[in-house]
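# Geometric and topological summary
Below are the chains, spelled out letter by letter.
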Amino acid sequence: MSERLQGFDYQSSPYHRPNQKWVCGRLGSGDCCTIGPDPKGHCGAGPQCKPVRDGDRWRCTRGPLHGGPCNNGPQADGICACLTPPCRPKRSWKYRRKLAVRSTLTATLGLIVLALAGTWAGSMVEPGHLAAAHSTIDDCESCHATTGRSASAWLAAAFGQHPNLPVDTQHACLTCHDVGEAPLAPHSLATLPTAGPAQGSTLGPWTVELNRMVFPDPETPIACGTCHQEHEGASADLRAVPDSQCQVCHDQRFGSFVSGHPEFSDYPYDRRTRIIFDHASHLGKHFADEPEQAPQSCSGCHVTATDGRTMEVRGFDDSCGACHAGDIAGNALAGPKGVAGLAVPGLDLTLVENIGQWPEFADGDLTPMTELLLMGDPEYASVRDTLADVDLLDLDSATPEQRGAATTLAWQFKALVDAIQSKGSQAVVQRLEAALGHPLTTDEQRRLTGLLPASLVDTAQAQWFPSLTDELNNHRAGNAPATEAVRPMADEPEADDDNDAAVADDEFDALFSEDSDEGFGDLFADDTGDESGDLFGGDLFGGGDVGDPFADPQEDASPEPEVATINHEERMALGGWYLDEFTLRYRPAGHADPVVRTWTELATRQPAAEDWLAPDNPGACTQCHSLESDASGVTSVQWLAKRIPATEHHFTEFDHSTHFSLLGDAGCGTCHQIDNEAPYADSFDGRDPSQFTSNFAALEKTVCLDCHQPDQAGTDCASCHRYHVGDFKATMPNTQLSRSQATR
């Protein structure tokens, strides 16, 4: 193997070197000269050898490949006697091919430049027909904005660094499509979620591994054309993405959904429900004695979303109102059925000095609404801190400072009532804005005030503080009135204790006075003028027409109608404000009452209003609507069940509407099976929605495998998983409306 296959010296090998541009003209006949043409193609023919002097003689040196030494030998002067006739050198085949390729390329480039310079350049370079969705686009510049119409622009677009990106690095697809704030980032997410360690990773096809070497960084921007290939024809599906493209970036690779796909992990229950509804207890306990009242199917409470992807909960009236409307109205409450609004706080009137008139029987605490309105007074904060641990109804152990703070509190409350009475709802709005530290919208003002009637405030003021205006004027002038207990007004005025005896004697004499209309003096008088003193008069047994004494008594022809009265709370059964002794209450006007809802939301941000969020409070909001706290500790009320807007896209999505025809006899139970042993209700003891136990058993992959086979429903990644994740929608084109169009 160390020996050469062919000799290359000039004496033993006729080897022709193809890298030469010119070859001898007699090469085809096998009689080419040894010298050959020069680099410019000139024939080098002449003597066949160069004789050498050997002693006194010249010796021929012609090589064996050309016949060896000649018979005549060299001439006497040492010149070779055998001369090779000249020829016309020819170009070598290599040089001919090189010239042909060069000429072809030059001609092709010239044709390209000529073609791209015309107005029909686009049709000359069209790579294929567009998809049906883009078939109306007839101008290449609509998408390929970097090209322009010149040949240089086309070449720059073809060989530039970003051929898929137009000017100013804005992707042309974004003119009509919105895929989030980071459209070229992987999955349209500025920050990718942290994935767990890869398990069961294997090598993919060589094309996948090659792409992984070219694009090793998962943060590299990805142009739309990387996955959505255009110019594949009108029937091409631009959304179809092969599995191999997904595996370029994902470490955990597997053959298909049937083979290698991981088992589901608690899918699709990733958090607790927003509405507290225990399917197991409702179906197994509440409807056990009345099965006819139970929903006959899941569609009794659930309905398909507009886009068909998810199932939504029907409205309260359709699904819950038949059983729970009375809970909102407060029919089952033993106490008041209205939410406590403005209320007179109870005070120890024996030890609180100089507060003027105050209801003696007021014994309640400051309600959350009252305290929030008082916080609009800049001096209330110090009063609240001073009275933090004080029982206002028992000030025996209170310090002088605390008793003074109680006096200040009383005047602050009176000033609040006076402000609401004189300015109406505007005073409530001003107090709330001062307490919350931000202005309220018109809608918030209506909701928070509940359109409190002015006449109701007037009635409350007259009962609570009859001389409120005079007292406030005296207090502001430095003449605070003494404390005076106000009792409810009785139907009859009570007599003074000092005149009880005199009044009693006068009343006794009047009983038998003939002039008295209220006594019994007329019993001894004779209506007929007979003064015989007959107690019964002459008509009882005389001829007077007294009628049959033994006849049935005749009813009065016009009896006074009996007026049936009900209390204020019952009169406001349909909702609204009413006066309950020392409290202005608001009764919910059915489900989703805007006033109760807004004040409940406000209570989540006020520590003093925590009791307002109890499930048994009027309105019973938190019996069904869960309370959740975010990472910063802010609590919110979940008013709506889970709804996924059409603009919201997740990694994994399931279209319910397309699967209805594939369900078996179990219907929705084919996939969603109730777990009767799950401690579902315990999940709502806290306010972290991620700590929960689902009402249903987790979905298993085998349920999907019944249909998702390669020869049936398919197993492509794109069948269940979406690439673009986020909240976005189709972008409306920016169409400028001209004045001529607007005036038509």
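Residues numbered from 1 in each chain as written. Predicted model: local features only at pLDDT ≥ 70, side-chain atom pairs only at ≥ 80, totals over all residues. Heavy atoms only, no water.

The next thing to look at is the overall build of the protein. When its secondary structure is counted, the protein shows 20 helices and 15 strands. Considering only contacts in the protein between residues 6 or more positions apart, those separated by 24 or more positions represent 65%. (Helix = DSSP H or I, 4+ residues; strand = E, 2+ residues; numbered from the N terminus. Contact = heavy atoms within 4.5 Å.)

So, on to the pattern of salt bridges. Taken as a whole, this structure holds 13 salt bridges when the rule is applied. Between E569 and K337 there is a salt bridge; the shortest N-O distance is 3.9 Å. Separated by 232 residues along the polypeptide, E569 in helix α17 (residues 568–571) and K337 in the loop between α8 (321–329) and β7 (339–343) bring together distant segments of the chain. One exposure class covers both E569 and K337, and it is buried. In this structure, R597 engages E601 in a salt bridge whose closest nitrogen and oxygen atoms are separated by 3.6 Å. (Salt bridge = Lys/Arg side-chain N within 4 Å of Asp/Glu carboxyl O. Buried < 20%, exposed > 50% of the residue type's maximum accessible area, 1.4 Å probe, protein only.)

A few words on the sheet that holds strand β11 (residues 583–587). Strand pairs in the sheet, formed through backbone hydrogen bonds, run parallel or antiparallel to each other. The strand order across the open sheet formed by three strands is β7-β11-β10, and the pairing between neighbours is antiparallel. Two strands bound the open sheet, and with one partner strand each, they are β7 and β10 (576–580). Neighbour to neighbour, the strand axes of the sheet diverge by 30 degrees on average, direction disregarded. Both β10 and β11 contribute to a ladder of five bridges, which runs antiparallel. From the neighbouring strand, D580 faces β11, where its bridge partner is T583. (Pairing = 2+ DSSP bridges. Axes fitted to C-alpha atoms, helices over the stretch in contact; angles between N-to-C directions.)

The subject of this paragraph is the nonpolar core. Judged by nonpolar contacts, the single largest core of 61 residues is most densely connected at L342, W358, I420, W464, L584 and W599. Per-element accounting of this core gives the leading share, ten residues, to helix α11 (residues 400–423). Among all residues touching L342, those that are not within four sequence positions of it are M369, T370, L373, F413, L416, V417, I420, W464, F582, T583 and L584. The next biggest cluster of nonpolar side chains, apart from the first, holds five residues, and it includes C60, C70, C80 and C82. (Core = buried A, V, L, I, M, F, W, Y, C linked by side-chain atoms within 4.5 Å.)

Geometrically, a packed helix pair is captured by the angle between its two axes and the distance between the axes. It is the contact of helix α12 (residues 425–436) with helix α13 (residues 442–449), at a shortest axis distance of 10 Å, that shows an interaxial angle of 110 degrees. Taken together, the axes of α12 and α13 lie roughly perpendicular to each other. Counting all contacts with α12, which are made through S425, V428, V429, L432 and E433, the residues of α13 involved are Q445, L448 and T449. Considered class by class, the residues forming the contact of α12 with α13 number four nonpolar, three polar and one charged. (Parallel < 35°, antiparallel > 145°, perpendicular 65-115°, else oblique. Nonpolar A, V, L, I, M, F, W, Y, C, P; charged D, E, K, R; others polar.)

Let us now look at the confidence of the model for the protein. In the predicted model, the protein carries a mean pLDDT of 79, and the fraction of residues at 70 or more is 77%. Across residues 161–169 the pLDDT falls below 50, and counting only partners more than four positions away or on other chains, this stretch makes twelve contacts in the model. Long-range and interchain partners of residues 497–509, a stretch whose pLDDT sits below 50, account for one contact in this model, where long-range means more than four residues apart. (pLDDT = per-residue confidence, 0-100.)

The subject of this paragraph is unusual backbone geometry. The linkage connecting Y267 with the following residue, P268, adopts the cis geometry, with an omega of 0 degrees. Within the element layout of this structure, P268 appears in the loop between α5 (243–246) and α6 (279–286). Of note, H187 is a non-glycine position whose phi angle comes to about 60 degrees, a positive value. Here H187 lies in the loop between α3 (151–159) and α4 (206–214). Residue classification places H187 among the buried positions, given a relative accessible area of 15%.

A surface patch of positive charge is lined by K21, K94, R97, K98 and R102. One can find K94 in helix α1 (residues 93–116). (Patch = residues over 30% accessible without salt bridge, like charges linked within 9 Å, V, L, I, M, F, W, Y side chains within 5 Å. Areas by Shrake-Rupley, 256 points an atom, 1.4 Å probe, with all protein chains shown as cover. Lys, Arg positive; Asp, Glu negative; His and termini not counted. Charge placed at Lys NZ, Arg CZ, Asp CG, Glu CD.)

Among the surface-exposed residues, L109, I112 and V113 lie close enough to one another that they form a single nonpolar patch of about 250 Å² accessible area. On the secondary structure map, I112 appears in helix α1.

Further remarks concern the side chain of T622. When you line up the elements, T622 lands in the loop between α18 (594–603) and β12 (627–629). Looking at T622, the relative accessible area reads 10%, which means it is buried. A polar contact is formed between the side chain of T622 and the backbone oxygen of A614, at a distance of 3.4 Å. Every residue in contact with T622, bar those within four places of it in the chain, is listed here: I276, L613, A614, P615 and L627. (Polar contact = N/O pair within 3.5 Å; in protein donor to acceptor, adjacent residues only side chain to side chain.)

Turning our attention to the packing of α11 against helix α15 (residues 468–476). It is the contact of α11 with α15, at a shortest axis distance of 11 Å, that shows an interaxial angle of 125 degrees. Judged by the inter-axis angle, α11 sits oblique to α15. α15 is crossed by α11, and the crossing has left-handed handedness. For the pair α11 and α15, contact is made by W411, K414, A415, V417, D418 and Q421 and by L468, T469, E471, L472, H475 and R476, respectively. Among the residues forming the contact of α11 with α15, the class breakdown is five nonpolar, three polar and four charged. (Left-handed = near helix turned anticlockwise from the far one by under 90°.)

Our next topic: the packing of aromatic side chains. The geometry of an aromatic ring pair is captured by the separation of the ring centres together with the interplanar angle, meaning the angle of the planes. The final tally for this structure, using the stated rule, is eight aromatic pairs. Each ring, one from F413 and one from F465, has its centre 6.2 Å from the other, and the planes form 65 degrees; the classification is edge-to-face. With F413 in helix α11 and F465 in the loop between α14 (454–464) and α15, this pair connects stretches of sequence that are 52 residues apart. A single burial state applies to F413 and to F465, both of which are buried. Ring centres of W577 and Y586 lie 5.4 Å apart, and the angle between their planes is 65 degrees; on these two criteria the pair is classed as edge-to-face. Across this residue pair, the class does not change: W577 and Y586 are buried. Here the aromatic residues W358, F413 and F465 are joined through ring pairs into a cluster of three or more. For R96, the ring lying beneath its charged end belongs to W93, and the centroid distance is 4.6 Å. (Phe/Tyr/Trp six-rings, centres within 6.5 Å; stacked < 30°, edge-to-face > 60°. Lys NZ or Arg CZ within 6 Å of the ring centre and 35° of its normal.)

Okay, the pairing of β7 next. The element β7 is largely enclosed, with a buried count of four among its five residues. Bridge count between β7 and β11: three bridges; the pairing is antiparallel. Each bridged residue has a counterpart across the sheet, and for V339 the counterpart in β11 is Y586.

Let's shift gears to the environment of Q421. By secondary structure assignment, the location of Q421 is in helix α11. Accessibility expressed as a relative area gives 26% for Q421, which makes it partly exposed. Other than its neighbours up to four places away in sequence, Q421 contacts V457, D458, Q461 and L468.

By the element assignment, S281 lies in helix α6. Side-chain polar atoms of S281 contact the backbone oxygen of D278, separated by 3.2 Å.

To continue, consider the state of the cysteines. Under the criterion given, the structure shown has zero disulfides. Free cysteine: C24, not disulfide-bonded; nearest cysteine sulfur from C87 at 3.6 Å. No disulfide involves C49; its nearest neighbouring cysteine sulfur is the one of C60, lying 3.6 Å away. (Disulfide = S-S within 2.5 Å.)

Once that is clear, we can look at the pairing of β11. Counting buried positions over the five residues of β11 gives five, a clear majority of the element. Burial along β11 is two-sided: T583, R585 and R587 and L584 and Y586, pointing in opposite directions, are all buried. What sits between the antiparallel neighbours β10 and β11 is a turn of two residues, in which E581 has the positive phi angle 55 degrees.

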